[in-house]
Each structure stands twice: as structure tokens, then as C-alpha cells.
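Coordinate analysis (summary)
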Amino acid sequence: MANLTLYPATLQWAVEESDADPVALSQRRGLGQLPDWLESKEPVSVSFNKVEQLSRALHVPFGALVRSVVPQRRLEPLVRYRTVGNTSVQPSKNLQDTIDQMRFRQEWARDELLESGLDANPLVGSVRDAEQDDSLADALRSTLGLDGRSAWEGGDSSDRFRQLKERASHAGIMIMLNSQVGSVSSRKLDLQEFRGFVLIDDMAPLVFINRNDSFDGMIFTLIHEVGHVLLGTQELFDGIGGQGDRKATERAINRAVVKAVIDDERFRQVWREQLVGDKEPASAAESIAGEFHLSPLAMGIQAHQLGLTGEDTLEELQARMNRHLHDKAVHRQERESRGNGNRTNASRVDTGFVRLVNAAMDGGRLAPTEGFDLVGVRSPQSYQGLIREKKLI
């Protein structure tokens, strides 16, 4: 495989960004020349495999290492004002790197769509006010095909999530998900830090979902983030209802999400039916969640907002959810490690985005290595497997 050109200034940035010890890294097999590369006055030629190894060692995206211009880390708007209580919270490097990767994809997609002469996506900002949750719920139903019980075409929660993801993608919203940073299994995304985020762009709106959640949880996150696309607002979603000045808006969106699937009167009726026989409220929320394929916590939040239960129910549901996700995490990692790599790669990246990358590569507008990096694969074989899974060949 051909060598790649690396630029010393970019390498120096990558080492500083990862807070790594270049001397220690140089002791690893294949990286013995790292000190020389860093001190070189000219670009250096390095094998593809060594660049890949360096990317993993530094936790820096492969594509960032081969840039001739040092990447500039911006002060990310999504996390700039995050607080817990009155304390400022710094984002983890895993979260920041994931946002950076998604912005890189979004910016490329925007440029490609503009070059193709396409118009802006009319969904972005099409709903004016989150407080009008009936209007937002109607728009969510229309965008995602949520028409009461007929919204789901059979199957379990995983099937329902895939259906929603496809409908959102067909509406021009790029849906990405992962349980880790890129392909680095040791960099697991923390579900306590975020469940998803949305990056607003009038041409290429992008939703990212933390794959460490349950399918019911991911369904709620997906619908919630599509709500932000309709409102034209960016957001990092923690699963509860926002922070600070955003709380009222986030709670209104959460209400619209539930109302898009089950209206208030029907919810009250089902809730009362579940409480017959002295069933505790947390168990009632779990039963309703099983019927409507949203998370039990979302059902509890809706019941609380309608005055049907208290804060203690939310605390119990949060505790149950944490236990459930902890138990599932190990099994999911085992399945992914033994599973079909092509299928895993395909699940992480939006089909419309892959189609866009594939067309640019076929048209000679995008080099193969750049295309592979955009869709998160490292070799022609993995790329062919990805587009087969996406049914693009």
C-alpha cells in the first residue's frame, strides 16, 4: 500500500492534543522514527499502516493526521455553557472528538450538496416555537411517519428504531450513531454524559446517537433530536430535560415527542389502567414503555408533567435504567466483537451520507483515502463491505 505524506506541524499538534509522551510512543513497534518525524523540517513519507497505528496510539482521527494544515479546535458551542448545578462542566475528550468528527462530515456533506445545486432542507426551522408542543408533535408525526399504532411495521424495538432512522434519513437528516469514538473500542462514549446531539445546518442537518443506550432510549433520543431539527436549534441531549435556561424548551420537546406517539388523553387512560391492582408507578411506566416503544424514563417524565406521579418515580426509573444499561453493556460489546464488521460499520453511518461519499469517489471528486476516512473505514475491502450492506452495489 502506498505511503502517505505527514506534516511535522500536524504531528506536533496531534502529540500535544493527546498529551502523549513521544519518547514513550517511539518505543512501540513501528513508531521508532516518531521523534525524527516531529523534528523534520520537511514533510515525511510514512506507510499507511504506521499512520493508522499512530492514529490509534494518539486517539486522533486518521484524517486529521494527514492534513497539511494544523486542525484548529474551536470552542464548541454545544458544550460551551454546560453546567451541573452551578458548576461548569468540561466535556470529555471522547465527546469533543465525536463532535469534531461529526462536524467534519457535516461540513463536507454541505459543500457537496451545494456543489450539486440542491436547495436547503425545508424541515430545518420549519416549526417556530417549541412551547407549541401540539404543532411540534404534528410535525414530528408527519416527518417520521408516526401515525398512532400504524406507525410501526411490526417487529421489536430494534426494528422500530431502524424504521425511524431510515425515515429520518429519507427526509434529509443524517443519522449517525456509535458506542465509541470512531473505531477505537477502548474509547467508549459515556451515556451519563450524553445520549445524543444535533448539529444544525440548513443543507445537512446531522443527528448523532450514543449507541450505548437501549433501543427504546435511542428511539426517544432520535425523535427528540429531529424535534430540534424542526425548530432549527442545536443541542446536546442528556436524556432528562436540559440545563439552565434551556429546561423549559427541552421539556416542551420531550412532551411533543411523547405526544407524537401517544396523545395526552390516551396516555392518562393507559396510565390509570396500569395502576389498577396496586401496581407501583415505576412498573406502570415500564409496561407503557413496552407498548409504545419509548423508554420507561420518558414515560415517567410524561406522567410527572401531567401530574400523575411524583419525583420519586423518576428517581426509581433512573436507577432501574442505570442497572439495565450496565447489564446490557457487556453483552453488547461481546456481540459487536464477535459480529459482522461490515454490518457494524454500516449501522454507524447514515445511508444518504454514504451514498453522497460513494458518488463523489466515483466521480473523481474525492480520493479513496479521504472517502474511507469520512465513512469510518480503513481499507478498500471494508469500504466494499460497507456499501454492500447499504445496498449501494
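Description of the structure in this document.

The rules behind these values
- Residues numbered from 1 in each chain as written.
- Predicted model: local features only at pLDDT ≥ 70, side-chain atom pairs only at ≥ 80, totals over all residues.
- Heavy atoms only, no water.
- Helix = DSSP H or I, 4+ residues; strand = E, 2+ residues; numbered from the N terminus.
- Buried < 20%, exposed > 50% of the residue type's maximum accessible area, 1.4 Å probe, protein only.
- Contact = heavy atoms within 4.5 Å.
- Areas by Shrake-Rupley, 256 points an atom, 1.4 Å probe, with all protein chains shown as cover.
- Expected span 1.5 Å × (residues − 1).
- Polar contact = N/O pair within 3.5 Å; in protein donor to acceptor, adjacent residues only side chain to side chain.
- Pairing = 2+ DSSP bridges.
- Axes fitted to C-alpha atoms, helices over the stretch in contact; angles between N-to-C directions.

This paragraph deals with the overall build of the chain. Counting its secondary structure elements, the chain contains 18 helices and ten strands. Counting only residues that meet the buried cut, the chain has 51% of its 393 residues in that class. Within the chain, counting contacts between residues at least 6 apart in sequence, those at least 24 apart form 69% of the total. Approximately 18,700 Å² of the chain is accessible, and the part contributed by carbon and sulfur atoms is 47%.

On to helix H16 (residues 351-362). Taking 1.5 Å per residue as the helical rise, H16 with its twelve residues ought to reach 16 Å, and the 16 Å between its terminal C-alpha atoms agrees with that figure. All of the buried residues in H16 are Phe353, Val354, Leu356, Val357, Asn358, Ala360 and Met361. The inward-facing, buried residues of H16 contact helix H6 (93-115), strand E5 (174-178), helix H17 (368-375) and helix H18 (380-389). Between the side-chain oxygen of the N-cap and the backbone nitrogen of Gly352 there are 2.9 Å, and the N-cap of H16 in question is Asp350. Taken from the residues just after H16, Gly364 is the one with a positive phi, measuring 75°.

Strand order in this open sheet of four strands is E5-E9-E8-E10, and the pairing throughout is mixed. Where the open sheet ends on each side, the last strands, each with one partner, are E5 and strand E10 (235-237). Averaged over all adjacent pairs, the angle separating strand axes in this sheet is 15°, with direction ignored. Across three bridges, the pairing between strand E8 (residues 196-199) and E10 is antiparallel. When the bridges of E10 are listed, Phe197 appears paired with Leu236. Packing against the sheet, H6 makes contact with E5, E8, strand E9 (206-210) and E10, and its axis sits at approximately 35° to E8. Strands E5 and E9 of the sheet are contacted by helix H8 (residues 157-170), whose axis makes an angle of about 140° with E5.

As judged from the two bridges shared by strand E6 (residues 180-181) and strand E7 (residues 184-188), these two strands associate in the antiparallel manner. If you follow Val181 over to E7, its bridge partner there is Val184. The antiparallel hairpin formed by E6 and E7 contains two residues in its connecting segment, where Gly182 sits at a positive phi of about 60°.

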